[in-house]
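# An overview of the molecular structure
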Amino acid sequence: MLTAQLTISSENVISPVDPRLYGSFIEHMGRAVYTGIYEPGHPSADANGFRKDVAELIRPLNVPLIRYPGGNFVSGYRWEDGVGPKEARPVRAELAWQALEPNQIGTNEFMDFLALLGDTQPMLAVNLGTGSPQDAANLVEYCNFPAGTYYSDLRIAHGYKAPHDIKLWCLGNEMDGPWQICAKTAEEYGRAACEAAKMMKWLDPGIELVACGSSYREMPTFGEWERTVLRHTYEHVDYLSLHTYYTNDDGDIAAFLANNARMDAFIKEVGAICGEIKAEKGSSKDIKLSFDEWNVWYHFKKSGAEPPKWTVARPIEEELYDFADALLVGSMLITLLNNADRVKIACLAQLVNTLAPIMTEPGGPAWVQTTYFPFLYTSINGRGTALAVEADAPRYTCATVKDASYIDCAAVQNGDALTLFLVNKHLEEDIRCEAALGGAYEVLEWVALQDSEFGGVNTKDEAKVRPIVRPREDAEASASGVSFTLKKASWNMIKLRLRSKA
Ligand code: AHR
């Protein structure tokens, strides 16, 4: 049997895990909002029209923040369309997704939805496509200024006396992408983002700002875009964004599952660029990373489906996630944890219906997809301090990555608890793992996604992919660690508790 040696020590710390690593994203795109979170008349709708059945599936994920309202949508969004009496709000031809936007949900309703969820904070994006720095500042004034100004009084007149106090803001979205409404060069964007940032922080010095990095690592301008944008904005922003979606168009599962190694390299490259500009500026400040869009995305595009344009809730990008996708999502979470020193914010893109772990049927039920499970368990149990994992594991070469590990592992310590997240990417072989932990641990829980067909999916009628609980005795604890065998093609969470140090 193949074997792997893992060495983990509480002395070898990566960083405390910022809970915002488990953020998500709701865009006015497809059916994320209309017939997703919002469907007046649905049997489960509350007085505001929000689907309580959807909220009940979101709540266990414990998402600390949700990015809103886009995405590409935000680059043409006039936020003033979405506030005030609903009957007076305009219907717009929404250019990013070629749909009709009825503006029945806007900033205030989004805040109401977060209140329904409980303890979830907003991450609001401003329009730096068609929008100006002044429009961005006006939105901050509307949301965060207490009272006594035009926009703060407008908010109060709209029924929201207390300021929303929104702490986290994105300065536009993917502004380098030719698909973006009013895309910009790095110089143009850097200047606009800098000026917007100044105005927004003058209005509320307590806010944090995310500048746009490249739309993805393979953009021809990747690297130079980051450098130019940071040269303009360094002292005014707090985070730089990264986005990535992985595909499996040709059905090469081994290559698909290796993609988180590319995510890891991407993070390290952007981190190095931040360090380079810090040195160039002679700054004492570190720019942290916001991986505010990440996921798997290819099924819907591959299907060639082209729903009619210019409808409300145009049903686009409704990915049907399979077992292989769940494995990669689990691995991407492991990569985020292993970079917790740099990545402070991350958003699974997205949350409901559009590229989402949660699906709904209009007038019908809501259910969860395969990718819900690794996100759920990692979000709940992956909080504390990320420890470095030294792994000596078998490796492979494939179309996406030259030297990929068959075993991915992240370790998170929380008091006496140590939780391991593991993926065995080998498609044919189980792998025996010996984890040296520097102490005696007892096994509390082992949850796995395993023994499924790669194409297995969950629908409203049938869940083919569900986590199983493995007997605790399947992992053997010793005075200095724990040993276990990971099934071929499996995602695993093993929760341990310290008995005594070695
Ligand atoms: O999440 C879907 C889309 O992907 C977003 O609108 C955009 O930012 C990215 O290209």
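Above this note sits the structure.
Residues numbered from 1 in each chain as written. Predicted model: local features only at pLDDT ≥ 70, side-chain atom pairs only at ≥ 80, totals over all residues. Heavy atoms only, no water.

## As for the environment of Met111
To be explicit about the condition: The numbering of helices and of strands both runs from the N terminus, where a helix is a DSSP run of H or I of at least 4 residues and a strand a run of E of at least 2. Contacts: residue pairs with any heavy atoms within 4.5 Å of one another.
Note that Met111 resides in helix α2 (residues 107–117). Separated by 55 residues in the primary sequence, Met111 and Ile166 place their C-alpha atoms 9.6 Å from one another. For Met111, the residues in contact, after removing those within four places along its chain, are Pro122, His164 and Ile166.

## Comments concerning the sheet that holds strand β3 (residues 65–68)
How we decide: Strand pairing is assigned whenever DSSP identifies at least 2 bridges connecting the two strands. In this description, a line fitted to the C-alpha atoms serves as the axis of each element, helices being fitted only across the stretch in contact, and the angle between N-to-C directions of two axes falls anywhere from 0 to 180 degrees.
Ordered in space as β2-β3-β6-β7-β8-β9-β10-β11, the eight strands form a closed barrel in which the pairing is parallel. Averaged over all pairs of adjacent strands, the angle between strand axes in this sheet comes to 30 degrees, irrespective of strand direction. Where strand β10 (residues 288–296) lies against strand β11 (residues 343–348), four bridges are found, and the strand directions are parallel. When the bridges of β11 are listed, Trp294 appears paired with Leu348. In the packing of helix α8 (residues 259–281) onto the sheet, contacts are made with β9 (239–246), β10 and β11, and the angle to β9 comes to roughly 160 degrees.

## So, the site of the ligand
As a reminder of what qualifies: Being near a molecule or strand, for a residue, comes down to having at least one heavy atom within 4 Å of it. Here a polar contact means two N or O atoms within 3.5 Å. Within protein one must be a hydrogen donor candidate and the other an acceptor candidate, and residues neighboring in sequence count only if both atoms are side-chain atoms. Surface accessibility in these figures is a Shrake-Rupley result with a 1.4 Å probe; residues are shielded only by whichever protein chains are displayed. Gly is placed with the polar residues, together with every amino acid not listed as nonpolar (Ala, Val, Leu, Ile, Met, Phe, Trp, Tyr, Cys and Pro) or charged (Asp, Glu, Lys and Arg).
Around the ligand, the structure places 13 residues, and the nearest of them are Glu27, Asn72, Glu174, Tyr245 and Glu293. A distance of 2.7 Å separates an oxygen atom of the ligand from a polar atom in the side chain of Glu174. Measuring from an oxygen atom of the ligand, one finds a side-chain N or O atom of Gln350 at 3.0 Å. Protein contact buries 95% of the 280 Å² of open area that the ligand shows by itself. Split into classes, the residues belonging to the shell around the ligand amount to six nonpolar, four polar and three charged.

## What to know about the state of the cysteines
Going by this rule: Pairs of cysteine sulfur atoms within 2.5 Å are identified as disulfides in what follows.
Overall, the coordinates contain zero disulfides when judged by the stated rule. Cys170 takes part in no disulfide bond, and the closest cysteine sulfur, belonging to Cys347, lies 7.1 Å away. Of all cysteine sulfurs in the structure, the one in Cys433 sits closest to Cys398, which takes part in no disulfide; the separation is 19 Å.

## A word on helix α10 (residues 323–338)
Defined as follows: Expected span, for any helix, means 1.5 Å times one less than how many residues it has. Think of it in three bands: with a 1.4 Å probe and only protein chains considered, a residue is buried below 20% of the maximum accessible area for its type, exposed above 50%, and partly exposed in between.
With 16 residues, α10 extends 23 Å from end C-alpha to end C-alpha; this agrees with the ideal 22 Å at 1.5 Å per step. The buried fraction of α10 amounts to 15 of the 16 residues, a majority that puts the element mostly inside the structure.

## Examining the environment of Cys433
Inspection of the secondary structure puts Cys433 in strand β19 (residues 431–436). For the pair Cys433 and Leu6, spaced 427 residues apart in the sequence, the C-alpha separation amounts to 7.1 Å.

## Here we look at the nonpolar core
Generally speaking, nonpolar side chains in soluble globular proteins are found buried as a group. Short version of the rule: Among buried residues, those of type Ala, Val, Leu, Ile, Met, Phe, Trp, Tyr and Cys that are joined through side-chain atoms within 4.5 Å constitute a nonpolar core.
Ranked by size, the top nonpolar core spans 163 residues in total, and within it Trp169, Leu171, Trp294 and Phe484 carry the most contacts. Counting residues per element, this core draws most heavily on α10, which supplies eleven residues. In this structure Trp169 touches Leu124, Val126, Leu139, Val140, Cys143, Asn144, Met200, Ile207, Glu208, Leu209 and Val210, once residues within four positions along its chain are discounted.

## Structural notes on unusual backbone geometry
The omega torsion across Gly70 and Gly71 is 15 degrees, close enough to zero to call that bond cis. As for its position among the elements, Gly71 is in the loop between β3 and β4 (92–94). Cis geometry marks the peptide bond from Ala349 to Gln350, where omega comes out at 10 degrees. Relative to the assigned elements, Gln350 resides in the loop between β11 and β12 (358–360). Backbone geometry places Asn62, a non-glycine residue, at a positive phi of 55 degrees. Along the chain, the position of Asn62 falls in the loop between α1 (52–58) and β3. For Asn62, a relative accessible area of 36% gives the class partly exposed.

## Some details on the pattern of salt bridges
A pair can form between side chains of opposite charge whenever their charged atoms are brought close. Let me state the cut-off plainly: In the sections that follow, a salt bridge refers to a side-chain nitrogen of Lys or Arg positioned within 4 Å of a carboxyl oxygen of Asp or Glu.
Applying the stated criterion across every chain yields a total of 29 salt bridges. A salt bridge links Glu39 to Arg51; the shortest N-O distance between them is 2.8 Å. Here Glu39 is found in the loop between β2 (23–25) and α1, whereas its partner Arg51 is found in the loop between β2 and α1, with twelve residues between them in sequence. What makes Glu39 buried here is its relative accessible area of 12%. The partner of Glu293 in a salt bridge is Arg67, with the nearest N and O atoms 2.8 Å apart. With a gap of 226 residues between them, Glu293 in strand β10 and Arg67 in strand β3 connect regions that are remote in the sequence. With relative accessibility at 5%, the residue Glu293 sits in the buried group.

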